[in-house]
Amino acid sequence: MTTPLTRARTLTTFPPPVMEARRWISGVTFAADKPLINVSQAAPVEPPTEGLRRAIAETALNLPEAHLYGPDLGLPALRTEVAKSVSQTYNGAVNADQVAITSGCNQAFCAAMISLCGEGDEVILPTPWYFNHKMWLDMSGVKTVPLATGHGMLPDPKQAEALITPRTKALVLVTPNNPCGVEYPQGLIAAFRDLARKHGLALVIDETYRDFHSDSGAPHDLFTDLKWSDTVIQLYSFSKAYRLTGHRVGAMVAAPERLAEVEKFIDTVTICPNQLAQHAALWGMQNLGDWLAGERLEILDRRAAIEEGFDVLAAQGWKLLGVGAYFAYVEHPFAKPADQLAKDLVQEAAILALPGTMFMPEDDPNGQRQMRIAFANIDRAGIKTLFARLAALVPDGASA
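From a predicted model like this one, the values you see are computed outputs, not experimental measurements. (Residues numbered from 1 in each chain as written. Predicted model: local features only at pLDDT ≥ 70, side-chain atom pairs only at ≥ 80, totals over all residues. Heavy atoms only, no water.)

What the protein contains, in helices and strands, is 14 helices and 13 strands. For 400 residues, the compact-globule formula gives about 21 Å, and the C-alpha radius of gyration of the protein, at 21 Å, lands near that figure. Based on the C-alpha atoms only, the size of the protein along its principal axes is roughly 65 × 60 × 50 Å. Across the 400 residues that make up the protein, the buried fraction comes to 55%. (Helix = DSSP H or I, 4+ residues; strand = E, 2+ residues; numbered from the N terminus. Rg over C-alpha atoms; globule rule 2.2 N^0.38 Å. Buried < 20%, exposed > 50% of the residue type's maximum accessible area, 1.4 Å probe, protein only.)

What follows is the structure, given as C-alpha cells:
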C-alpha cells in the first residue's frame, strides 16, 4: 500500500503580493528627474516620533522584564488601555479581559480564524479582499467564499446571507477598507452584525485604519450592544497609528472565552507579543493623542487631493471606485490586464502599484480592470505628479 502524497499548506496559496511587486523594481534604475513613486504598500515609511523612539530606548535600557517572556495575551497595562480607548471611542463597555495583544493585526486575524474554523469550513470575504486574509484561509484549509461588492464598493448583507452554508463560520469586514478605502456606514455594519447573530456566526471586523476615518465620531455602534461579545471580534493595529510597523503589535477585542482559545495559538506561535513593541504602543496611546490627530488630518487632506485632482485621469477614462484612509481604488482604461499594466508602469511611468488581480479571485474579470493606489506616503505634490504620469499614458485606441 502506498501512502497518498499530501500537499504542503504553503503551496495552497499565492506568493505575498507586496514582495512580488518589489521584485518588479529589483535592479531597475530610475532617472534622477523621474524617481520611483511607490504606492504599492500601505505602511508608513517614516520612523516613530522622537519621543516614542526615546521611550523605546529607555524601556530597553531600564526595564529588565521587557526582555523576558510576558503574558501570552499581552501586558495588562496595555490591555487595560485598549479597553478604555475602545469603550470611549465607541461609547460602549469593553473590559481588559476582552482584549488580547497580538504580534500585529495579521496575527490577530490568524488567531481569530483558527479559533473559529476547522479544515473545510467557510468564511465569507467581500471582494476585493485583503490578500493576507485570503492567504491565511488558504493555508488553513478553510474555504474563502467571495462576496462581490456593489455600488460604492459596499457589500450587501442579503447577498451575504445567500452564501451562508452549514460550514460557514464567520463574516469578515474591513473598514476603512483595504484595498478600496471605503468606510462602511454604521447601518451596514449593524446589518452584518445582525446577520451573523441570526446564523450563529462571528462578525470579524478589521479596523486597522480606524484612526484615519473621516468621521471624528464612533464609526459604528457595535460596542453599545450589551451582548456584543456573542458575535463581534474586532481587530486593530498600532502599526499605522504610531509608525510601529516593524515592531509588530496589534490587538483583538472579543469574548474572554474566545481569547482563551486565541491564547493557545499565540503561545504556540510567538509565546507572547513583542515586549518592547507593547510598551511602545502603550506610550503612544498615553502621549501621542494630539500628534495622531494631526496625522489623521494630513491623511484626510491627501484623500481630498485624490478626489480633487482625479479629473485629469477621469478625462482619460479612469474611474475612482473608492477612496479613504490610505487607499484609492481605481479602474484603468487600458485593454491590457491590470497585472501586466502594473509591471509596465514601472518601466513606462516609474510607478509601483498593485493590480486588482492581487485582491480578487482568479476567475473574477473585474480584477483585470482595477488597481490599488496606497497614497499615505505621497503628499499633495506627489499625488499631482502621480496623476500627471498616469494621464500621460495614452489609453488603447485613443489618439496621442
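So, next bit.
Here we take up the sheet that holds strand β12 (residues 354-355). One open sheet accounts for 4 strands, arranged β9-β10-β13-β12; its pairing is antiparallel. Looking at which strands have only one partner, the edges of the open sheet turn out to be β9 (319-324) and β12. One ladder, built from 5 bridges, connects strand β10 (residues 327-331) with strand β13 (residues 370-374); its direction is antiparallel. Opposite Ala 328, over in β13, you have Ile 373 as the bridge partner. (Pairing = 2+ DSSP bridges.)

Glancing now at helix α9 (residues 256-269). End to end, α9 covers 20 Å across 14 residues, agreeing with the expected 20 Å (1.5 Å per residue, within 8%). Among the residues of α9, those classed as buried are Leu 259, Val 262, Phe 265 and Ile 266. Contacts from the buried residues of α9 go to α3 (76-90), β2 (99-102), α4 (104-116), α5 (131-140) and β8 (250-253). Phi turns positive one or two residues past the end of α9, at Ile 271, with a value near 70°. (Expected span 1.5 Å × (residues − 1). Contact = heavy atoms within 4.5 Å.)

Attention shifts here to empty space enclosed by the protein. If you walk through the whole model with that rule in mind, you get 2 cavities of 30 Å³ or more. Here the largest cavity defines a volume of roughly 90 Å³. Around the largest cavity, the lining comprises 16 residues; the ones closest to its centre are Pro 126, Pro 128, Trp 129, Val 174 and Asn 177. Contributions of two or more residues to the lining of the largest cavity are made by β3 (122-127) and β5 (168-174). For the lining of the largest cavity, a count of residues per class yields 11 nonpolar, 5 polar and no charged. (1 Å grid on protein atoms, 1.4 Å probe; cavity = no way out; pocket = protein on both sides within 12 Å on 5 of 7 lines; lining within 4 Å. Points joined across faces, edges and corners; volume = space filled by probe spheres on them. Nonpolar A, V, L, I, M, F, W, Y, C, P; charged D, E, K, R; others polar.)

A few words on the layout of surface pockets. As a volume, the largest pocket reaches approximately 680 Å³. Contributing to the lining of the largest pocket are 30 residues, with Asn 106, Tyr 130, Phe 131, Asn 132 and Arg 248 lying nearest its centre. When residues of the lining of the largest pocket are assigned to their parent elements, the largest contribution, 6 residues, is made by α5. Considering only residue class, the lining of the largest pocket consists of 16 nonpolar, 10 polar and 4 charged.

The geometry of α4 relative to α9 is characterised by a closest axis approach of 9 Å and an angle of 120° between their N-to-C directions. When the axes of α4 and α9 are compared, the pair comes out oblique. The two elements α4 and α9 meet at a crossing, and its hand is right-handed. Only Arg 258, Glu 261, Val 262, Phe 265, Ile 266 and Val 269 of α9 make contact with α4, whose side of the interface consists of Gln 107, Cys 110, Ala 111, Ile 114, Ser 115 and Leu 116. Residues of the contact of α4 with α9, tallied by class, amount to 8 nonpolar, 2 polar and 2 charged. (Axes fitted to C-alpha atoms, helices over the stretch in contact; angles between N-to-C directions. Parallel < 35°, antiparallel > 145°, perpendicular 65-115°, else oblique. Left-handed = near helix turned anticlockwise from the far one by under 90°.)

Evaluated as defined, the whole model comprises 20 salt bridges. Here Lys 336 makes a salt bridge to Asp 344, at a shortest N to O gap of 2.8 Å. On the basis of relative accessible area, Asp 344 is assigned to the buried category, the value being 18%. Among the charged side chains, a network of salt bridges with common partners joins Arg 193, Asp 194, Arg 197, Asp 225 and Asp 230. (Salt bridge = Lys/Arg side-chain N within 4 Å of Asp/Glu carboxyl O.)

Any link to function would need more than the numbers given here.
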